[in-house]
Amino acid sequence: MSENSTTETSNFIRNIINDDLKNNKNDGRVHTRFPPEPNGYLHIGHAKSICLNFGIAQDYQGGICNLRFDDTNPDKENVEYSDSIQNDVKWLGFDWEDRLYFSSDYFEKLFEFAQQLIRDGKAYVDNLSADEIREYRGALTKPGKESPHRSRSVEENLDLFDRMRAGEFNEGECLLRAKIDMASPNMNMRDPAVYRIKKASHHRTGDEWCIYPMYDYTHCVSDALEGITHSLCTLEFEDHRPLYDWFLDQLPIECHPQQIEFARLNLSYTVTSKRKLNELVVEGQVSSWDDPRLPTIVGMRRRGYTPEAMRDFCSRIGVTKTDTIIDVGVLENCVREDLDKRTRRVLAVLDPLKVVIENYPEGETELLDAPYHPNDPDMGQRQLPFSNILYIEQSDFMEEPPKKFFRLGPGREVRLRYAYFITCTDVIKNDAGEVIELRCTYDPETKGGNAPDGRKVKGTMHWVSAEHALKTEVRLYDRLFNDAKPDSNKHEQDWKSFLNPDSMTILDNAYLEPSLIDAKSEDIYQFERTGYFCVDNKDSLDGKPIFNRTVTLRDSWAKLNK
RNA sequence: UGGGGUAUGGCCAAGUUGGUUAAGGCACAUGGUUUUGAUCCAUGCAUUCCGAGGUUCGAGUCCUCGUACCCCAGCCA
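In this text, all values refer to a predicted model and were calculated from it rather than measured experimentally.

**Focus: the environment of Tyr-41**
- If you trace the backbone, Tyr-41 turns up in the loop between β1 (31-34) and α2 (44-59).
- Spatially, the C-alpha atom of Tyr-41 lies 31 Å from that of Gly-543, the residues being 502 residues apart in sequence.
- Of the polar contacts made by the side chain of Tyr-41, one reaches the side chain of Glu-80; its length is 2.8 Å.

**Observations regarding helix α7 (residues 215-225)**
- Where burial is concerned, most of α7 is hidden: 9 out of the 11 residues are buried.
- Within α7, the full set of buried residues consists of Asp-216, Tyr-217, Thr-218, His-219, Cys-220, Val-221, Ser-222, Asp-223 and Ala-224.
- Count one or two residues on from α7 and you reach Gly-227, which has phi positive near 75°.

**Considering the nonpolar core**
- In this structure, Ile-44, Ile-50, Phe-54, Val-89, Leu-92, Met-310 and Phe-313 are the most contacted members of the largest nonpolar core, which totals 39 residues.
- Elements supplying a minimum of two residues to this core: α2, β2 (64-69), α3 (79-91), α10 (297-303), α11 (307-317), α12 (328-342) and β24 (531-535).
- For this core, the leading source of residues is α2, giving 6 residues.
- Residue contacts for Leu-92: discarding those within four places in its chain leaves Ala-47, Ile-50, Ile-297, Pro-307, Met-310 and Arg-311.
- Among the nonpolar cores identified, the runner-up in size contains 38 residues, and Phe-111, Met-189, Cys-210 and Ile-253 belong to it.

**Remarks on the packing of α2 against α11**
- Here α2 crosses α11 at 75°, and the two axes come no closer than 9 Å. Classified by the interaxial angle, the pair formed by α2 and α11 is roughly perpendicular. Counted together, Ile-44, Ala-47, Lys-48 and Cys-51 of α2 and Met-310, Arg-311, Phe-313, Cys-314 and Ile-317 of α11 form the full contact between these two elements.
- Classifying every residue of the contact of α2 with α11 gives 7 nonpolar, no polar and 2 charged.

**A word on the side chain of His-240**
- In this fold, His-240 is placed in the loop between β8 (230-234) and α8 (241-250).
- Setting aside anything within four residues of it in sequence, one finds His-240 in contact with Asn-188 and Asp-216.

**Overview of the protein's contact with RNA strand B**
- By nearness alone, 71 residues border RNA strand B, and Arg-345, Arg-407, Gly-448, Arg-554 and Ser-556 come closest of all.
- Backbone sugar and phosphate groups make up 68% of those atoms of RNA strand B lying within 4 Å of the protein.
- One of the side-chain nitrogen or oxygen atoms of Asp-340 is found 2.9 Å away from a sugar or linking oxygen of RNA strand B.
- Between Glu-528 and RNA strand B, the recorded distance is 3.4 Å, taken from a side-chain N or O atom to a sugar or linking oxygen.
- Of all the secondary structure elements, the ones that give two or more residues to the surface near RNA strand B are α5 (130-137), β6 (193-197), α11, α12 and α13 (556-560).
- Its residues assigned to classes, the surface near RNA strand B shows 24 nonpolar, 22 polar and 25 charged.

**A word on the side chain of Asp-20**
- With respect to the element layout, Asp-20 can be found in helix α1 (residues 12-22).
- The buried charged residue Asp-20 lacks any salt bridge, with Lys-25 as its nearest oppositely charged partner at 4.1 Å.
- In contact with Asp-20, not counting residues within four places along its chain, are Lys-25, His-230 and Gln-258.

**Focus on the state of the cysteines**
- Inspection of every chain in the model, using the stated rule, returns 0 disulfides.
- Sulfur of Cys-220: no disulfide; nearest cysteine sulfur belongs to Cys-255 and is 11 Å away.
- Taking the relative accessible area as the measure of exposure, Cys-255 reaches 19% and is therefore buried.

**Description of the confidence of the model for chain A**
- Confidence in the prediction of chain A, expressed as mean pLDDT, is 96, and 99% of residues score 70 or more.
- Per-residue pLDDT stays below 50 along residues 1-6; that stretch engages in 11 contacts with residues further than four places along the chain or on separate chains.
- Here the prediction assigns the complex a pTM of 0.96, and the interface score ipTM is 0.96.

**Section: the sheet that holds β1**
- As summarised here, the arrangement of the 3 strands in space is β1-β2-β3, forming an open sheet in which the pairing is parallel. The open sheet has two edge strands with one neighbour each: β1 and β3 (100-102). Ignoring strand direction, the axes of neighbouring strands in this sheet form an average angle of 35°.
- By the bridge criterion, 4 bridges tie β1 to β2 in an arrangement that is parallel. Each bridged residue has a counterpart across the sheet, and for Phe-34 the counterpart in β2 is Leu-67.

**What to know about the pairing of strand β9 (residues 258-262)**
- Most of β9 sits out of view: 4 of its 5 residues are buried.
- Across 5 bridges, the pairing between β8 and β9 is parallel. Bridging across to β9, Ser-231 finds its partner in Gln-259.
- This β-α-β element, β8 to α8 to β9, shows right-handed connectivity.

Cut-offs applied
- Residues numbered from 1 in each chain as written.
- Chains lettered and ligands numbered in written order.
- Predicted model: local features only at pLDDT ≥ 70, side-chain atom pairs only at ≥ 80, totals over all residues.
- Heavy atoms only, no water.
- Helix = DSSP H or I, 4+ residues; strand = E, 2+ residues; numbered from the N terminus.
- Polar contact = N/O pair within 3.5 Å; in protein donor to acceptor, adjacent residues only side chain to side chain.
- Buried < 20%, exposed > 50% of the residue type's maximum accessible area, 1.4 Å probe, protein only.
- Core = buried A, V, L, I, M, F, W, Y, C linked by side-chain atoms within 4.5 Å.
- Contact = heavy atoms within 4.5 Å.
- Axes fitted to C-alpha atoms, helices over the stretch in contact; angles between N-to-C directions.
- Parallel < 35°, antiparallel > 145°, perpendicular 65-115°, else oblique.
- Nonpolar A, V, L, I, M, F, W, Y, C, P; charged D, E, K, R; others polar.
- Near = heavy atom within 4 Å.
- Lys, Arg positive; Asp, Glu negative; His and termini not counted.
- Salt bridge = Lys/Arg side-chain N within 4 Å of Asp/Glu carboxyl O.
- Disulfide = S-S within 2.5 Å.
- pLDDT = per-residue confidence, 0-100.
- Pairing = 2+ DSSP bridges.
- Right-handed = clockwise from strand over helix to strand, strands pointing away.

The structure is reproduced here in structure tokens:
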């Protein structure tokens, strides 16, 4: 046991493991697994599980974590998903080394174990229809009743089961059931299905099988075959634990992992259910699984979230059995914190307002030094071209500024970052009365941004030289939903009515400082005063990087105005 | 009394076998630094742990009775 993680706070699962270790359970081994079904893309909720499972393996001496695909339902699974899942886990920073497994690898073994159950009188082939089985199952407060086929002989069951495998029956015609207790208060114990017929070809086993094992049976056996010590899953499987244990108790397997359930992640202003995410994608509410507004790993990656930030988030939210909704602000804080220290700052005007410096020589250009990070000289610097025609942010000018506004206004003086002080002398409007251009003068003495006479200005603004600027597209993303709990069961029906119509704003008229021409896919920058932006990994072109806003900067000015 | 769970500040969450003033993060508030109204720094933020009783010298931690919320009737995982 080693406690080499400084950030991890204790949680009930680690406490259990610590106790197990103290008691020398499992010979001191710690072996977990992350068991996704390859039927969709991974999202932030999976990241919690990945960080938990792989994190525990990392933190305990000799601990290991497997990646195992729970691929027992060929109708829903495919290689696209399994490939993307592997990519995402790697990208998040975890390594399963040579321990990549698939439940389908155990199909033969699983089949033999099922025969064993039959031989032991613990399983039988049933011919009831799906509807009948539902009827026979009873209800929450009413016991079920036994199937008329429950007492078939071992020989008959064995024969029937072989013929199921041989494809002699149609889907739904029969299935293998565990013989447990039709009156159990736990519905999962009322003779659950073990094998069903599916004449579907499987993404790994092809047409080798036409019967497929069910989750409850497959999962515990797979865990045991892999020597898992702690099988971590989400709360909804709590009721399945007796079944998990039951199967392993019946079968001749030494290893009996301990299933421990924890609460799944819920994030405010978003949805984290595969079904809902899939619906958004299929209906075109978002562009695809990697739409930057989605909480999928690929979407967040495209948005500019880093693996470090996501892992930090997962460690901050903790692991408990309490059903909670984490404020998405925690996530945003994690990226900001990570990006603050790792990104270069650049100047980018998103919503341009033209400024003409009347006393600056027309046609002249000078280069001004600008560090890439104000608090980290190691990041180096670049030079910004300055000329007499600039763009500043529309929102940095107000014709009739309120008291606390200390940006530009008629007659006001402000600093252009790393450049000069300028004073607004004239405001030019179009016929509609909109401000379309500002006339200003600059003070040559203030080059670099300081006045030799010691005079101060309240505002410092970002800017870009019109002639030198890189014009490109910038996408502003905001939360996908307007409601904090679109995912709560109060909104099972109308959750999509909370979709935020302004979750994406495309700016095709943004002007960036010229150095950004070299920005590479997935590079992330801080656009000073506006936020963190990531080069889109899909739509960017050579010489035309397209930027996605990851998250805004904290803005106490905006907060003041609310 | 179907069964299984959970309840600690606005949101999360530590609180090992009951023992001083109930960690920490996010959010919020206030002050300081600042050529990003950013960052950073400092300070504040639960006489109280779902409620009511009880045991005890002492309870968030034990007992009793309640209350609220979540999960379960797929041949999904």
